[in-house]
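Next come the chains, spelled out residue by residue.
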Amino acid sequence: MAYSWFKAFHIIGFVVWFAGLFYLVRLFIYHVEANQEPEPAKAILKNQYQLMEKRLYNIITIPGMIVTVAMAIGIISTNPDILKEPWLHFKLGFVAILLIYHFYCGRLLKQLAADECKWSGQKLRALNEAPTLLLVVIVMLAIFKNNLPTDITAWLIFGLVIFMAASIQMYAKIRRRNKEKMMAQTNPVQQVTQTQN
């Protein structure tokens, strides 16, 4: 019975943790792009994003991580022989990468608060795709264990995930270009108006 409780809360923690990580980096993107806005909008947006990022990281993402890890320890304590399974070693390796990603996001949060972040919106969008890949691999290992499928279906699913990540990057690039074109069209009109005045 303890195993089922640990597993249920492990899944809940995992969902909360990933939701926090996905949204956190999205807020970082908006925070960085707020620098392109004129004052006072720039200051207002940056302050709001900073508040949202801090609350999300401390109130949702960190507790989600703690519950996930604590429940995983609980699962292992009910069945220590599972530590001999090769699939679990791989899964724990990917979870370690996820933990590094999590704490790196905490570092970026501090850099954004100090206005020292060097990441562009485009680079942050790419960073935002990393947990998607980790999510797919970790879930596949948890479900299939040592029988991870290597047939055409598995490769199609993997290709779909890569396609989705590339599509998001392409959409962001197109949106940025359209915004730049619109700003370029607006600037000559403003210059003409200022000259006439």
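Data block above holds the structure.
Residues numbered from 1 in each chain as written. Predicted model: local features only at pLDDT ≥ 70, side-chain atom pairs only at ≥ 80, totals over all residues. Heavy atoms only, no water.

### Notes on the environment of Ala-19
Logical step 1: Note that Ala-19 resides in helix H1 (residues 2-33).
Logical step 2: Ala-19 sits in the partly exposed class, given a relative accessible area of 43%.
Logical step 3: Taking the C-alpha atoms as reference points, Ala-19 and Gly-64, 45 residues apart in sequence, are found 9.0 Å from one another. (Helix = DSSP H or I, 4+ residues; strand = E, 2+ residues; numbered from the N terminus. Buried < 20%, exposed > 50% of the residue type's maximum accessible area, 1.4 Å probe, protein only.)

### Notes on the packing of aromatic side chains
Logical step 1: Under the criterion given, the structure shown has 6 aromatic pairs.
Logical step 2: Considering the side-chain rings of Trp-17 and Phe-18, the 6.4 Å spacing of their centres and the 55 degrees angle between planes classify their relative orientation as tilted. Here Trp-17 and Phe-18 have matching classes, each one buried.
Logical step 3: Taking the centre distance of 5.9 Å and the plane angle of 35 degrees together, the rings of Tyr-30 and Tyr-49 count as tilted. Of the two residues, Tyr-30 sits in helix H1 while Tyr-49 sits in helix H2 (residues 41-78), which places them 19 residues apart along the sequence.
Logical step 4: Grouping aromatic residues by their ring pairs yields a cluster made of Phe-14, Trp-17, Phe-18 and Phe-22.
Logical step 5: Cation over ring: Lys-145 sits above Trp-87, and NZ or CZ is 4.9 Å from the ring centre. (Phe/Tyr/Trp six-rings, centres within 6.5 Å; stacked < 30°, edge-to-face > 60°. Lys NZ or Arg CZ within 6 Å of the ring centre and 35° of its normal.)

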